[in-house]
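In case you want the letters, here they are:
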Amino acid sequence: MFEATSDWSTFMEKDDSVCLEKNYRDIYEIHANGIRNFMYYRCGNLQKAEDLAHETFVRLWENCKKVLIGKVRSFLFTTAHRLFLNQYEHEKVVLQFEKKTESKVEKESPEFILEEKEFKGQLETAISNLPEGQRTVFLLNKIDKMTFQEIADMQGVSISAVHKKMYKAMEKLRRDLKGLRDNKI
Amino acid sequence: MDKDSENREKIVVRWINNELSPEELEQFQQDPGYEEYVRIFGEVESWTMLPLNTDSSFQQLEKKRDTVKLIPWYHTNVFKVAASILLVCTLVFYATYFDSSKTVKTGVAESKDLILPDSSIVYLSSSSSLSYNEENWGEERKLSLSGIAYFDVVKGGPFEVTFSLGSVQVVGTSFEIKSFENFATVTCYDGEVSVLSGDGKRKRLRRGMGLRISGRSTSSPFAFENDNWQKEIRRFHEAPLSIVFRSLEADFDIKINAEAVDLNRTFTGAYPKSSLDSALHVISNSMQLTFNRDNNKITFENQ
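Quick caveat: nothing in here was measured; it's all calculated off a predicted structure.

> Explanation requested: the overall build of chain B in the structure shown.
A count of helical and extended segments in chain B gives eight helices and 20 strands. Every one of the 303 residues in chain B was classed for burial, and the buried ones make up 28%. Excluding contacts between residues fewer than 6 apart, the proportion of contacts in chain B whose partners are at least 24 apart in sequence is 37%.

Below, the structure is given as structure tokens:
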């Protein structure tokens, strides 16, 4: 997924070398958020997620001579994926999300607002209860807008495996949300 | 997974990717799950992740990064390999030269008198090497020799000299060993020595006796004229010419070419170490050879 170049030019710091502080900083600006989110969906803890993102970027710095700038994104996600697999047991997670501020709440009735709030909590619970693989695919696609192909490349699996996870996630969410509603009544 | 659910998965995925045709979409809208999917997606799409504060986060990263920064030079593979090689070399060096074992070597035409820790004396002849352990000398008197040496041993515990073809054990005496790869002689000048040859045979030599070991065979002890060999005269008893020539080369720093001569013929006699000319004449006369001398290059031929 990322290539190591072996010619002598790797020993020269070209303008687009990851080893240049400025480029490294730019890469952080662009990708840190995505990596942190990715880790959050998997481990459910923002602080852990940021630590894992830092660790991922430390690996990038250590390998800055080997990673071409065009392959940085792939390197980061693959590295983060492996770091997570190495470090974390599959624990129960509780995910929470922010509401985007551009909502059109004014016109809605208080009942509707309450219902919406309730639904957010139910969906958060249902998503948190998804198996880790399904949850990550679902959130990367819906929140981070990654295509299924990008997710497949990053995890080193086939696109049909990603499709399957997405579909299973949606079916499970539908069932669990129904269950949550029925229990409440 | 059954066929229906496989088809449904395809439709759902294509719907998510906005790839359905208007007709397909219309059909999918009849799906019992459709409403719920729309609601789920509508909700999730209104969500966002708390954005990472990249400035402060990057500062934290820098701290972590700079504590590990680059792989330290002493963790690189090149260093590890180099260190391993150095370690092996050092161990070999110590095993060879130190570890309290001492080695004395003589060059061509050079001889040395050594006094061992128990004040036994060794006259080490040219092109020879002798090693022994200084530290535990009091416990065991063991040496190993290649080349020629004369020993004058003071009384004490066992004194053992190992050479390529055997070993000599004495109590207190003086004796000489000539040791080459395939030929060795041991001559006893005083006291008594016991010779153990490579074939496991042990023979005792009294004062004035010597023996030869040639390959795997050991000669019976023979008598020789006792004289102070190491200073003036090099004495041989039925020694192959190859050995005699090697001694000549070592004693006089010369090169001998004897391709035309049968080197297995044996020589009994002595040559003076003070005169190359006399030595060459003695050997060539008794072995029916002629020689040509060109500075330090000597060529022997049959008469």
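> How should I be thinking about the interface of chain A and chain B in this particular structure?
Interface size is commonly expressed as the accessible surface area that is lost when the partners come together. Counting residues at the interface gives 32 residues for chain A and 29 residues for chain B. Those elements giving two or more residues to the side of chain A that touches chain B turn out to be α1 (21-43), α2 (46-62), β1 (98-99), α4 (110-128) and α7 (159-184) of chain A. Its residues assigned to classes, the side of chain A that touches chain B shows 15 nonpolar, five polar and twelve charged. Bridge count for β1(A) against strand β1 (residues 47-48) of chain B is two bridges, and the pairing is antiparallel. For A:Lys99, the partnering residue across the bridge sits in β1(B) and is B:Trp47.

> Looking at this structure, I do not really get the packing of α1(A) against helix α3 (residues 72-87) of chain A. What am I missing?
The geometry of a pair of packed helices is captured by two quantities: the angle between their axes and the separation between those axes. All names here are of chain A. One way to put it is that α1 packs onto α3 with a least axis distance of 10 Å and a crossing angle of 30 degrees. When the interaxial angle is binned, α1 and α3 end up roughly parallel. Where α1 crosses over α3, the handedness of that crossing is right-handed. Across the interface between the two elements, Ile27, His31, Ile35, Phe38, Met39, Arg42 and Cys43 of α1 pack against Val72, Arg73, Leu76, Phe77, Ala80 and Phe84 of α3. The class makeup of the residues in the contact of α1 with α3 is ten nonpolar, one polar and two charged.

> I tried to follow helix α1 (residues 3-16) of chain B on my own but got confused; where do I start?
Along an α-helix, residues three or four positions apart point the same way, because every turn accommodates 3.6 residues. Taking 1.5 Å of rise per residue, 14 residues should cover 20 Å, and α1(B) covers 20 Å from first to last C-alpha, within 8% of that figure. Looking at the residues trailing α1(B), positive phi occurs at B:Asn18, about 60 degrees.

> Sorry, what's going on with the confidence of the model for chain B here?
Detail in the predicted coordinates should be disregarded across regions flagged by low pLDDT. Residue and element names in this part refer to chain B. With 91% of its residues at a pLDDT of 70 or more, chain B has an overall mean of 81. By mean pLDDT, the top-scoring element of chain B is helix α2 (residues 22-28) (92), and the lowest-scoring one is helix α6 (residues 229-232) (55). Our summary of model confidence lists the complex with pTM equal to 0.49 and ipTM equal to 0.80.

> I would appreciate a short explanation of the sheet that holds strand β20 (residues 297-302) of chain B in the present structure.
Backbone-to-backbone hydrogen bonds join strands into a sheet, with any given pair of strands oriented parallel or antiparallel. Residue and element names in this part refer to chain B. Taken in spatial order, the three strands of this open sheet run β17-β20-β19, and their pairing is mixed. Strands at the two margins of the open sheet, each flanked by one partner only, are β17 (255-257) and β19 (289-294). If you compare each strand with its neighbour and ignore which way they point, the axes differ by 20 degrees on average. Docked against the sheet, helix α8 (residues 276-286) engages β19 and β20, running at close to 155 degrees with respect to β19.

> I keep staring at unusual backbone geometry and nothing clicks. Help me out?
Phi is mostly negative for residues that are not glycine, and the peptide bonds are mostly trans. Even without glycine at this site, A:Lys145 takes up a positive phi of about 60 degrees. One can find A:Lys145 in the loop between α5 (132-142) and α6 (148-155). According to the C-beta neighbour criterion, A:Lys145 is exposed, with 10 such atoms within 10 Å. Despite not being glycine, B:Ser127 has its phi angle at roughly 50 degrees, a positive value. Tracing the sequence through the fold places B:Ser127 in the loop between β4 (121-124) and β5 (129-133). On the neighbour-count criterion, B:Ser127 (21 C-beta atoms within 10 Å) is buried.

> Please clarify how the environment of B:Pro221 should be interpreted in this entry.
Residue and element names in this part refer to chain B. With respect to the element layout, Pro221 can be found in the loop between β14 (217-218) and β15 (222-223). For Pro221, a count of 19 C-beta atoms within 10 Å translates into the label partly exposed. Taking the C-alpha atoms as reference points, Pro221 and Leu205, 16 residues apart in sequence, are found 6.9 Å from one another. The contact partners of Pro221, leaving out residues within four places of it in the chain, are Lys203, Leu205, Met209, Gly210 and Leu211.

> Any chance you could explain α3(A) here in plain terms?
Given a rise of 1.5 Å per residue, 16 residues ought to cover 22 Å, and the 22 Å separating the end C-alpha atoms of α3(A) matches this to within 8%. Looking at the packing, one finds that the buried side of α3(A) touches α1, α2 and α6 of chain A.

> Got a minute to help me understand the environment of A:Gly44 in this structure?
Residues and elements named next belong to chain A. Turning to its location among the elements, Gly44 is positioned in the loop between α1 and α2. On the neighbour-count criterion, Gly44 (19 C-beta atoms within 10 Å) is partly exposed. Along the primary structure Gly44 and Val93 are separated by 49 residues, whereas in three dimensions their C-alpha atoms are 4.8 Å apart. If we ignore the near neighbours within four places in the chain, the residues touching Gly44 are Val93, Val94, Leu95 and Ser128.

> Looking at this model, I keep getting lost on the nonpolar core. Mind explaining?
Most often, soluble globular proteins have nonpolar side chains that are buried together. Of all hydrophobic cores here, the largest spans 49 residues; its most connected members are A:Ile35, A:Met39, A:Ala53, A:Ala80 and A:Met166. At the level of secondary structure, the elements contributing two or more residues to this core comprise α1, α2, α3, α4, α5, α6 and α7 of chain A. Looking at this core element by element, the count peaks at ten residues for α1(A). Beyond its immediate chain neighbours, meaning those up to four positions away, A:Ile35 contacts A:Ala53, A:Thr56, A:Leu76, A:Phe77 and A:Ala80. Among the nonpolar cores identified, the runner-up in size contains 47 residues, and B:Tyr132, B:Phe180, B:Ala184 and B:Phe236 belong to it.

> Before we go on, may I ask you to explain the confidence of the model for chain A in this structure?
When pLDDT is averaged across chain A, the result is 83; 85% of the residues are at 70 or more. pLDDT under 50 marks residues 1-12 of chain A. Its contacts with residues more than four places away, or in other chains, come to 13 contacts.

Analysis parameters
- Residues numbered from 1 in each chain as written.
- Chains lettered and ligands numbered in written order.
- Predicted model: local features only at pLDDT ≥ 70, side-chain atom pairs only at ≥ 80, totals over all residues.
- Helix = DSSP H or I, 4+ residues; strand = E, 2+ residues; numbered from the N terminus.
- Buried ≥ 20, exposed ≤ 12 C-beta atoms within 10 Å, placed from the backbone.
- Contact = placed C-beta atoms within 7 Å.
- Nonpolar A, V, L, I, M, F, W, Y, C, P; charged D, E, K, R; others polar.
- Pairing = 2+ DSSP bridges.
- Axes fitted to C-alpha atoms, helices over the stretch in contact; angles between N-to-C directions.
- Parallel < 35°, antiparallel > 145°, perpendicular 65-115°, else oblique.
- Left-handed = near helix turned anticlockwise from the far one by under 90°.
- Expected span 1.5 Å × (residues − 1).
- pLDDT = per-residue confidence, 0-100.
- Core = buried A, V, L, I, M, F, W, Y, C linked by C-beta atoms within 7 Å.

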